[in-house]
Every structure is written in structure tokens, then in C-alpha cells.
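# Secondary and tertiary structure notes
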Amino acid sequence: MEFQRLMELGECPIMFSSGEYGMVIRWDDIRNEIGVQIPGADNIKWVHASKITDCGNGALAVSEQRGE
């Protein structure tokens, strides 16, 4: 997905292939990554824009987590 489009969507829900879900809360335009806060997690998960699919209606999905 294009990083610019992710910025336009703003804070929105996102689901990982593992079934975890979270909210997009950060953007890093240098690395083209978004930061996702998972409920109950201490750290933000960073995901590259190329791993994200727009499911429509402002919902996103991660096809593969960066670093895994």
C-alpha cells in the first residue's frame, strides 16, 4: 500500500494474519512504516507499508509482519 494513503487514513484499525488487532497510531515517512498499538502490549509494532492491504471502510490488514 502507498505510504501517503496510510497517512490519509489516519488512526484506523488494523488486523494481523495471526488474528491480533490494533490501532495505527504512528507514521514514519523515512522508513515508510506505521506504528501499531496492540491492546495490552507495552511496545508499538512497526509495519512496512508494502505489507498492508486496505480492506475498505478504513480497515487495514497486515499480510506479513516486518522482521518475521
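Our structure's up above, just so we're on the same page.
Residues numbered from 1 in each chain as written. Predicted model: local features only at pLDDT ≥ 70, side-chain atom pairs only at ≥ 80, totals over all residues. Heavy atoms only, no water.

## With respect to the pairing of strand S3 (residues 33-37)
Within S3, 4 of the 5 residues are buried, which leaves the element mostly enclosed by the surrounding structure. In this sheet, S3 lies alongside strand S2 (residues 21-28) in antiparallel orientation, the contact comprising 5 bridges. Bridging from a neighbouring strand, methionine 23 pairs with glutamine 37 of S3. Here S2 hands over to S3 after 4 residues, with asparagine 32 in that stretch at a positive phi of 55 degrees. Pairing analysis gives 4 bridges linking S3 to strand S4 (residues 45-48), with the strands arranged antiparallel. Each residue of the ladder has a partner; that of isoleucine 34, found in S4, is valine 47. (Buried < 20%, exposed > 50% of the residue type's maximum accessible area, 1.4 Å probe, protein only. Helix = DSSP H or I, 4+ residues; strand = E, 2+ residues; numbered from the N terminus. Pairing = 2+ DSSP bridges.)

## Re the environment of isoleucine 44
Inspection of the secondary structure assignment puts isoleucine 44 in the loop between S3 and S4. With 21 residues separating them along the chain, isoleucine 44 and methionine 23 place their C-alpha atoms 9.9 Å apart. Not counting chain neighbours up to four residues away, the residues in contact with isoleucine 44 comprise Ile25, Arg26, Gly35, Val36 and Gln37. (Contact = heavy atoms within 4.5 Å.)

Shape descriptors only; they carry no functional weight alone.
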